[in-house]
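Read off the chains here:
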Amino acid sequence: MEWNNPTFGNTWEHRGYIGSGNVHALLDSCLGRRALVCGGAQGVFEDVERIIQKDDLVFASNDVGMYLPRLDHWVTLHYAKMPHWRAIRDDAFSRQIGNTDYRTHSHGSALAHFDWFGLTPIMPLSGLFAAQIAYLMGCNPIILVGCPNDQTPRFFETGAIEGYATVQKTIRSEMAFKPEFKKAIRSVSGWTKEFFGEP
């Protein structure tokens, strides 16, 4: 019997998480490397410019990846939107924005370079999913930039965002079970700065 499912037979357990998919070679592949995890909140571009270092590994979540000058890993829980985002970044007229040799990550999409299929439990927001991937890859510290996880508007909006109380509760609960993950994270803004501490 021939299997077309790329995740079959690739189950792993690592740092308190389990999953499958084509990601086994990534686990602990960046031990001790500093990671910036860039979300879409207002101020993200200014904060990246202020704190980025030459050897940082740069993760982007969702649409902010279209505009970052440097990008190593592009992560989303909404992979149906990724072809559009990639087309904008990769377009010949947009190349001055940044590099195009990044890798994409998702959950349950074989179209991504890396599919974290079955990752359990999975963080509830794409920015935290990116931090989770950075942690599984061995990055430390992991610095959240533009990931306040509070009412801060996104970089293309003006109004406050609602509904983060439940997400914050989920983060608190997960970090209670994964103290080493929490210890690796810092944040430059918002609720996550209060919860994880600043760099």
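Our structure is the block above this text.
These remarks concern the structure in this document.

Parameters at a glance
- Residues numbered from 1 in each chain as written.
- Predicted model: local features only at pLDDT ≥ 70, side-chain atom pairs only at ≥ 80, totals over all residues.
- Heavy atoms only, no water.
- Phe/Tyr/Trp six-rings, centres within 6.5 Å; stacked < 30°, edge-to-face > 60°.
- Helix = DSSP H or I, 4+ residues; strand = E, 2+ residues; numbered from the N terminus.
- Buried < 20%, exposed > 50% of the residue type's maximum accessible area, 1.4 Å probe, protein only.
- Lys NZ or Arg CZ within 6 Å of the ring centre and 35° of its normal.
- Pairing = 2+ DSSP bridges.
- Right-handed = clockwise from strand over helix to strand, strands pointing away.

Right, let's talk about the packing of aromatic side chains for a bit. Aromatic rings in a pair are described by how distant their centres are and how their planes are angled relative to each other. Evaluation of the coordinates by the stated rule reveals six aromatic pairs. On the basis of an interplanar angle of 85° and a centroid distance of 6.3 Å, the ring pair of Y17 and F181 is categorised as edge-to-face. One end of the pair, Y17, is in strand 2 (residues 17-19); the other, F181, is in helix 5 (residues 179-184), with 164 residues separating them in the sequence. For Y17, a relative accessible area of 0% corresponds to the buried category. Note on F181: relative accessible area 1%, which makes it buried. Consider the rings of F195 and F196, whose centres lie 4.9 Å apart with planes at 80°: the pair is edge-to-face. One aromatic cluster is present, formed by Y17, Y135 and F181 through successive ring pairs. Of note, R15 hangs over the ring of Y135, and the distance from its end group to the ring centre comes to 4.9 Å. Stacked on the ring of F195, the Lys or Arg K182 has its end atom at 4.1 Å from the ring centre.

We now examine the pairing of strand 4 (residues 57-61). Counting buried positions along strand 4 yields five of five residues, so the element is predominantly enclosed. The two faces of strand 4 match: L57, F59 and S61 on one face and V58 and A60 on the other face are all buried. One ladder, built from four bridges, connects strand 3 (residues 35-38) with strand 4; its direction is parallel. Looking at strand 4, one finds that L36 is bridged to V58. A crossover links strand 3 with its parallel partner strand 4, the connecting element being helix 1 (residues 44-51), and its sense is right-handed.

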